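Letter by letter, the chains look like this.
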Amino acid sequence: MSANILDGKAIAAEVRAEIKAQVTERLEQDQLPPGLAVILVGENPASQVYVRNKKNACKEVGFADFAYDLPASTTQVDLLALIDELNENPEVHGILVQLPLPDHINPETVIERISPAKDVDGFHPYNVGRLATRMPKLAPCTPHGVMTMLAKTGIELRGLNAVVVGASNIVGVPMVLELLNARATVTICHSATKDLPAKVAEADLVVVGVGIPNMVKGDWIKPGAIVIDVGINRLDDGSLCGDVEFESAKARASWITPVPGGVGPMTIATLLQNTLAVAQAS
């Protein structure tokens, strides 16, 4: 067996094309273009790459791009004041503060300062709460992007045994909520989980997001399972890999995401979807 590849790059391109068509229609009706404000504090190299990709995506689909590249010395008070301004700006439909932030800035305080109506990352407790109560509005981008990818397989998620490895607020916890809403039976695993290989081996669907290169071994994967690798790690030789041993897992899975070119592009595509949704509701 060799798995089918879930090509996130291709799926994301389809999503962006749909968004661009809707933006063009808005502009033809003399409506404001969707506006996304992206705030970067400091000079983290990975964050700079992510922000650049988001800016390029905004340009591609016709969004108004509000970019704020702030020095690492920016105070929390000044950052919160900027967020307050953007919350009140009618031309800005979405606000994104790139994480991680410098140590002197509390990320939870910053996330909660963003208006839930403009929280296009989907991190605000209000939006996570709506997802938990099956009333999603602005869903966290990476897990929702995974759901878009899973829909492309044509496989019914209802009743599947799903294992999520990693319990972060950005991926693991909202991923569990998305899968529960799809009526899968979900187990979440983390650093205190006992016998992780046995848990993974029972799964019809495995989603891994821990940030540890090749942590999930290919021989853990149940034959025919779907494997979603959220991790992206740079090795000493400069190459990129995920949290799952790709080649050995590919030999056992029915579907698998590559790294790079899998989940990453879907995160940005979903961010654009969320921003467009806010603009359409304005």
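The coordinates are above.
Treat the numbers as computed from the prediction; the structure is a model and nothing was measured. (Residues numbered from 1 in each chain as written. Predicted model: local features only at pLDDT ≥ 70, side-chain atom pairs only at ≥ 80, totals over all residues. Heavy atoms only, no water.)

Caption draft 1: How the structure looks around the sheet that holds strand β6 (residues 185-189). Strand order in the open sheet made by the six strands is β1-β11-β8-β7-β5-β6, with parallel pairing throughout. The sheet terminates laterally at β1 (4-5) and β6, the two strands that pair on one side only. (Pairing = 2+ DSSP bridges. Helix = DSSP H or I, 4+ residues; strand = E, 2+ residues; numbered from the N terminus.)

Caption draft 2: Quick look at a nonpolar patch on the surface. A cluster of nonpolar side chains, namely Val49, Tyr50, Ile232 and Leu240, defines an oily patch on the protein surface of about 310 Å² accessible area. Within the secondary structure, isoleucine 232 sits in the loop between β8 (226-229) and β9 (233-234). Its relative accessible area of 45% is what places isoleucine 232 among the partly exposed residues. (Patch = residues over 30% accessible without salt bridge, like charges linked within 9 Å, V, L, I, M, F, W, Y side chains within 5 Å. Areas by Shrake-Rupley, 256 points an atom, 1.4 Å probe, with all protein chains shown as cover. Salt bridge = Lys/Arg side-chain N within 4 Å of Asp/Glu carboxyl O. Buried < 20%, exposed > 50% of the residue type's maximum accessible area, 1.4 Å probe, protein only.)

Caption draft 3: Region of the structure containing the nonpolar core. By size, the foremost hydrophobic cluster in this structure holds 45 residues, and its most contacted members are Ile19, Phe63, Leu150, Leu179, Leu205 and Ile228. The biggest single contributor to this core is helix α10 (residues 263-281), with eight residues. Shared between two domains, this core takes at least three residues from each, and those domains are domain 1 (30-115) and domain 2 (141-264). Those residues in contact with isoleucine 228 that lie beyond four places of it in its chain are Leu6, Val146, Leu150, Leu205, Val206, Val207, Val208, Thr257 and Val263. Grouped together as the second largest cluster of nonpolar side chains are 18 residues, Ala203, Val208, Trp220 and Ala253 included. (Core = buried A, V, L, I, M, F, W, Y, C linked by side-chain atoms within 4.5 Å. Domains from an automatic or database assignment. Contact = heavy atoms within 4.5 Å.)

Caption draft 4: Spatial organisation of helix α3 (residues 76-88). Taking 1.5 Å of rise per residue, 13 residues should cover 18 Å, and α3 covers 19 Å from first to last C-alpha, within 8% of that figure. Considered for burial, the residues of α3 that qualify are Leu79, Leu80, Leu82, Ile83, Leu86 and Asn87. The buried residues of α3 occupy an angular sector of 155 degrees when the element is viewed end-on, so they sit on one face. Looking at α3, the residues exposed on the side facing more than 90 degrees away from the buried face are Val77, Glu85 and Glu88. Structurally, α3 contributes buried residues whose contacts are with β2 (35-41), β3 (64-70), β4 (94-97) and α4 (107-113). (Expected span 1.5 Å × (residues − 1). Arc of directions from axis to C-beta.)

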